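Report on the structure
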Amino acid sequence: MAQAPQTGGPVAPAILADLAAASRVLAAQDVVDGFGHVSMRLPSAPDRYLMARSIAPALVTPDDIIEYDLDSNPRNADGRSSFLERFIHGEIYKARPDIRSVVHSHSPSVIPFGLVGVPMQAMFHNAAFIAAGVPVFDIREKFGATDMLVGNGVKGVALAEIMGKKDVVLMRAHGSVACGRTLQAAVFRAVYTEVNARIQHWTVALGRGAPMASLDDEEGRLADVPNQTAGMRAWDLWRSQVRSAVNW
Ligand SMILES: [Zn+2]
């Protein structure tokens, strides 16, 4: 059998710049801090994905981007170190051919929903994708006491199984993952998962336990359609803010 090529081929500089910018956008939007990462499937080779070397998201430049195969082996690391939790990305890409971008974060407002068994609900139209339901991955169920990190392929598979056909999954006492069919969609969902969580906390406090009139399934499906294009407006704003700061 022919050996897999070392890399999926040259990547357009604009793609590397957009992926590096996405890291900085997520940091600017308080989705990631010193930790967290965003990846995208390589457009020319769907069995490969791109992600930054192990570095704080707000510091990522295009030169930091490494190509991985779907087993999350780096193909062009050249001495650069990899994120321990890259298996989140590789195993979701294997399980979900429709997904082209993945964001993993520890955004703080989301974490309580993985701790207390209260499901996230879609509080407003920008977070319509939440209405489909947000499963919770509890690493303890399959692996017992761990360091909580998805640090190998087996744990990545278990996470992708719990996520199933949804686009967002919470990780108990750890964080969350948001996915999309484009880099821009995944960033949009990661940002609005965090914003939605904040609004749900306010709503619960305001309503003191009253039922919440959140988006139902059908409203979620309908409202997610315009989000695909409206999301680009947000991306254009966020992307321009990065460009004005770093000139790429
Ligand atoms: Zn993590």
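For the structure, check the block above.
Let us look at the structure shown here.

The rules behind these values
Residues numbered from 1 in each chain as written. Predicted model: local features only at pLDDT ≥ 70, side-chain atom pairs only at ≥ 80, totals over all residues. Heavy atoms only, no water. Donors = N, O, S within 2.8 Å, 3.2 Å for Na, K, Ca; no water. Buried < 20%, exposed > 50% of the residue type's maximum accessible area, 1.4 Å probe, protein only. Helix = DSSP H or I, 4+ residues; strand = E, 2+ residues; numbered from the N terminus. Polar contact = N/O pair within 3.5 Å; in protein donor to acceptor, adjacent residues only side chain to side chain. Contact = heavy atoms within 4.5 Å. Core = buried A, V, L, I, M, F, W, Y, C linked by side-chain atoms within 4.5 Å. Phe/Tyr/Trp six-rings, centres within 6.5 Å; stacked < 30°, edge-to-face > 60°. Pairing = 2+ DSSP bridges.

On to the coordination of the zinc ion, then. Binding of the zinc ion to the protein goes through Glu85 (OE), His104 (NE2), His106 (NE2) and His174 (NE2), at separations of 2.0 to 2.2 Å. Exposure remark for His104: the relative accessible area of 0% places this residue in the buried category.

A word on the side chain of His37. Examined against the element boundaries, His37 turns out to sit in strand β1 (residues 37-42). A polar side-chain atom of His37 sits 2.8 Å from a polar atom in the side chain of His89. Not counting residues up to four positions away in its chain, the partners in contact with His37 are Val32, Met51, Phe83, Glu85, His89, Val102, Val103 and His104.

Below, the discussion takes up the environment of Leu16. Along the chain, Leu16 turns up in helix α1 (residues 13-28). Once the C-alpha coordinates of Leu16 and Gly156 are considered, the two residues, 140 residues apart in sequence, prove to be 25 Å apart.

So, about the nonpolar core. If you look at the biggest cluster of nonpolar residues, it comprises 72 residues, and the most contacted ones within it are Leu26, Ile92, Val177 and Val187. The element best represented in this core is helix α5 (residues 183-207), accounting for nine residues. Those residues within four positions of Val177 in sequence are excluded, and the remaining contacts are Ile88, Ile92, Val102, Val103, His104, Leu159, Asp167, Val168, Val169 and Met171.

One pass over the structure, following the stated rule, counts four aromatic pairs. With a centroid separation of 5.2 Å and 20 degrees between ring planes, the pair formed by Tyr49 and Tyr68 is classed as stacked. On the criterion of sequence distance, the pair formed by Tyr49 in strand β2 (residues 45-52) and Tyr68 in strand β3 (residues 65-69) is long-range, its members being 19 residues apart. Note on Tyr68: relative accessible area 0%, which makes it buried.

Within β1, six of the six residues are buried, which leaves the element mostly enclosed by the surrounding structure. Sheet topology note: the β1/strand β4 (residues 101-105) ladder contains four bridges and is antiparallel. Across the sheet, the residue bridging to Met40 is Ser101, located in β4. Across four bridges, β1 lies against β2 in antiparallel orientation. For Ser39, the partnering residue across the bridge sits in β2 and is Met51. As consecutive antiparallel partners, β1 and β2 are separated by two residues.

Moving on to unusual backbone geometry. You will see that Asp30, though not glycine, has its phi angle at about 65 degrees, which is positive. Non-glycine residue Met148 carries a positive phi angle of around 80 degrees. Assignment of secondary structure puts Met148 in the loop between α3 (139-143) and α4 (153-163). Take Met148: its relative accessible area is 21%, and that puts it in the partly exposed class.

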